[in-house]
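# Fold and contact review
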Amino acid sequence: LGLALLYGLLGGAILNLMPCVLPVISLKIFGFIKQAGESRRAILAHGLAFAAGIFAWFLALAAVVIALKSAGTEATWAFQFQNPWFNIAIGSIVFAFALNLAGVFEFTLPGRAATALESTGDSSGLAGPFFQGVFATLLATPCTAPFLGTALGFAFGQNAATILAMFASVALGMALPYLLLAAQPAWMRLLPRPGPWMERLKQAMAFPLLATLVWILSILGGQRGTAGIVWFSAFLLCIALAAWLYGSFCGPSAKPRTRALALALAALALLGGGWYFLGKKFQAPAADPAESIAWVGFSESRLQSELAAGRNVFVDFTADWCITCKFNERTAIDTPAIRALLAEKRVVPIKADWTNANPEITAALKRFGRVGVPFYLLYPAGRPDSPVILPELLTESILAEALK
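Since the model is a prediction, treat every value here as computed from it, not as a measurement.

## Concerning the packing of helix H3 (residues 40-70) against helix H9 (residues 160-183)
Running from N to C, H3 and H9 cross one another at 160°; their axes reach a closest spacing of 8 Å. With respect to H9, the element H3 is oriented roughly antiparallel. For the crossing formed where H3 meets H9, the hand is right-handed. When the residues that make up the contact of H3 with H9 are grouped by side-chain class, the tally is 27 nonpolar, 1 polar and 2 charged.

## What about the pairing of strand E2 (residues 312-318)?
Most of E2 sits out of view: 6 of its 7 residues are buried. Relative to strand E3 (residues 347-353), E2 runs parallel, the two being bridged by 7 bridges. If you follow Val 315 over to E3, its bridge partner there is Ile 350. Two elements, E2 and strand E4 (residues 375-379), share 5 bridges in a ladder whose sense is antiparallel. Within E4, the position partnered with Asp 316 by the bridge is Tyr 376.

## Section: the state of the cysteines
Tallying each qualifying case throughout the model produces 1 disulfide. Each sulfur of the disulfide joining Cys 322 and Cys 325 lies 2.3 Å from the other. Handedness of the Cys 322-Cys 325 disulfide follows from its S-S torsion of about 80°: it is right-handed. Take Cys 322 and Cys 325: they sit in the same class, and that class is buried.

## Thoughts on unusual backbone geometry
Note the cis peptide between Val 373 and Pro 374, where omega equals 10°. Note that Pro 374 resides in the loop between helix H16 (359-367) and E4. The backbone of Arg 346 sits at a positive phi, close to 55°, despite the residue not being glycine. In this fold, Arg 346 is placed in the loop between helix H15 (336-344) and E3. For Arg 346, a relative accessible area of 71% translates into the label exposed.

## Focus: a nonpolar patch on the surface
A surface patch of nonpolar side chains, amounting to about 410 Å² of accessible area, comprises Leu 3, Leu 6, Tyr 7 and Leu 10. Note on placement: Leu 10 falls in helix H1 (residues 2-15). For Leu 10, a relative accessible area of 43% gives the class partly exposed.

## Remarks on the packing of aromatic side chains
Aromatic ring pairs are reported here in terms of the distance separating the ring centres and the angle at which the planes meet. Evaluated as defined, the whole model comprises 13 aromatic pairs. Ring geometry for Trp 244 and Phe 249: centres 5.5 Å apart, planes at 90°, overall edge-to-face. Residue classification places Trp 244 among the partly exposed residues on the basis of a relative accessible area of 44%. Phe 249 sits in the partly exposed class, given a relative accessible area of 33%.

Rules behind the numbers
Residues numbered from 1 in each chain as written. Predicted model: local features only at pLDDT ≥ 70, side-chain atom pairs only at ≥ 80, totals over all residues. Heavy atoms only, no water. Axes fitted to C-alpha atoms, helices over the stretch in contact; angles between N-to-C directions. Helix = DSSP H or I, 4+ residues; strand = E, 2+ residues; numbered from the N terminus. Parallel < 35°, antiparallel > 145°, perpendicular 65-115°, else oblique. Left-handed = near helix turned anticlockwise from the far one by under 90°. Nonpolar A, V, L, I, M, F, W, Y, C, P; charged D, E, K, R; others polar. Buried < 20%, exposed > 50% of the residue type's maximum accessible area, 1.4 Å probe, protein only. Pairing = 2+ DSSP bridges. Disulfide = S-S within 2.5 Å. Patch = residues over 30% accessible without salt bridge, like charges linked within 9 Å, V, L, I, M, F, W, Y side chains within 5 Å. Areas by Shrake-Rupley, 256 points an atom, 1.4 Å probe, with all protein chains shown as cover. Salt bridge = Lys/Arg side-chain N within 4 Å of Asp/Glu carboxyl O. Phe/Tyr/Trp six-rings, centres within 6.5 Å; stacked < 30°, edge-to-face > 60°.

Set out below in structure tokens:
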């Protein structure tokens, strides 16, 4: 817990180095001095009110998290990483935030909302600095998002008190420079000067988030295997496309028709990708071994022994990295009709898996003048020296005719 709170504090402090925050720190402090005159106590009071606005925003977010947590069963949230759908949700958020930091797109407040909040911050007394604190936090959304995502990932598994403490630590980290500078305005000369380095820092912060995504993928792989990682990664590609469409065509200067079309295409990418890659593919039940071909591993000695015994043999030279091989397996080889024919004709199915280097498989391919996969051989019984060579782009009908 102490380490998590420290990370929250550091995360909030790092926000102040982002290009959307650092340039306004000095302006805010000068604004306090202008509003309060030369009174040190009044300047500090304005700084405290500004920090209170920051705390108000983050604690409101904590209240939302607590409400969401209370809506689910305790077991679901306490053991959230056991749920692959939770990992998909958190992984998607982390990836979107990484794209945001890398500059693919940016969150922005609608113009009317920004104007209304800015005018609210102009009120007299301590109410003005308070609402300016809320406004500054909202404007920092493009930079705060990844840290809020990390806080959410930790906080969802905790009790209400820990959630409040976690968000309070982030708020304290962000408010700390304002509090220190309101107490000692002369320290403003110690602030680093804004410059291009801030944008580079913002972009660099995307990589720790991507490292977090790799960790989430490793969890998902243990739950759903390689196929689960593949289909979730395909959905992440849809998120990337939607983020690019939003960032490229939905800026303030975009025409309404262009913005509407881009938003429609982005929504189509997210909804279509979610329906197909997560709804159909990710949720698809694992294949029943009893309904799959009982492949025999390839070796030259095993092949020769089957041929010497006078059996029909089908050899599938394949590899996991061969897209054509996988397409043929799904559409033309491991189908109910082909499985029935293999059993009816008493064909021994041998799989030569070339995913990793295998000298025997390489030598067998070279004997037929081949240097890659896919490659298919059908040995009719009694013809060990004259196999039928099937085409690389295989169809179920071609293989069925050959087996018949």
